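# Structural features, examined
Below, each chain spelled out in residue letters.
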Amino acid sequence: MEDLMTGRYAFGANQLHIMRALDEIIDMLKNDYGMKVDETKERLKADSSQKSECPFCAKKVVDVDMHVSQSHPKEWKRYADNDKVMNRLQGKVRCSGCGSFLKSTKGHDEKCPETLL
Ligand SMILES: [Zn+2]
Ligand SMILES: [Zn+2]
């Protein structure tokens, strides 16, 4: 009888131990998760600092030239009539179909999403 009690007690203690271990694991996960959330936030902050605002829709975009070219093709001529933009796009060819910037349009016709439609 005494052995059984001891056994039960031991089992109870083990359960307590497991619960404590689980708590530790959960805390660990929380910490890890918290770190990841912070890292993601930092990365987002860094990203947004590199983004520029689209002059047409005020959206923050990484590559405003590409964004205007693809999302506002009607405004493109007005937008590209600018020394800074021209300098950035030197040596690149703009596909009027999809708005992508290419080193050369050679071979692009087959890949261009616009001509595939
Ligand atoms: Zn825009
Ligand atoms: Zn294209």
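Residues numbered from 1 in each chain as written. Chains lettered and ligands numbered in written order. Predicted model: local features only at pLDDT ≥ 70, side-chain atom pairs only at ≥ 80, totals over all residues.

### Brief notes about the overall build of the protein chain
Scanning the protein chain from terminus to terminus reveals six helices and four strands. Listed by position from the N terminus, the elements making up the protein chain come as α-β-β-α-α-α-β-β-α-α. Split into buried and exposed, the 117 residues of the protein chain put 3% on the buried side. At a minimum sequence separation of 6, the contacts of the protein chain that also span at least 24 residues come to 14%. (Helix = DSSP H or I, 4+ residues; strand = E, 2+ residues; numbered from the N terminus. Buried ≥ 20, exposed ≤ 12 C-beta atoms within 10 Å, placed from the backbone. Contact = placed C-beta atoms within 7 Å.)

### With respect to the environment of Tyr79
Counting through the fold element by element, Tyr79 comes out in helix H3 (residues 76-80). Each C-alpha atom, one on Tyr79 and one on Ser69, is 8.8 Å from the other, the two residues being 10 residues apart in sequence. Once you skip the residues sitting within four places of it in the chain, Tyr79 turns out to touch Val68 and Val85.

### Points about helix H2 (residues 64-71)
Taken residue by residue, H2 has Asp65, Val68 and Ser69 as its buried positions. Projection of H2 onto a plane perpendicular to its axis shows the buried side chains occupying an angular sector of 100 degrees, all on one side. Buried residues along H2 sit in contact with H3, helix H4 (83-88) and strand E3 (93-94). (Arc of directions from axis to C-beta.)

### Looking at the environment of Asp63
Within the secondary structure, Asp63 is located in the loop between strand E2 (60-61) and H2. Taking C-alpha positions, Asp63 is 9.2 Å from Gln50, a pair spaced 13 residues apart along the chain.

### Describing unusual backbone geometry
Peptide bonds are, in most cases, trans, and in most cases residues other than glycine have a negative phi. You will see that Ala58, though not glycine, has its phi angle at about 65 degrees, which is positive. Within the secondary structure, Ala58 sits in the loop between strand E1 (52-53) and E2. Judged by local crowding, Ala58 falls into the exposed class, with 7 C-beta atoms found within 10 Å.

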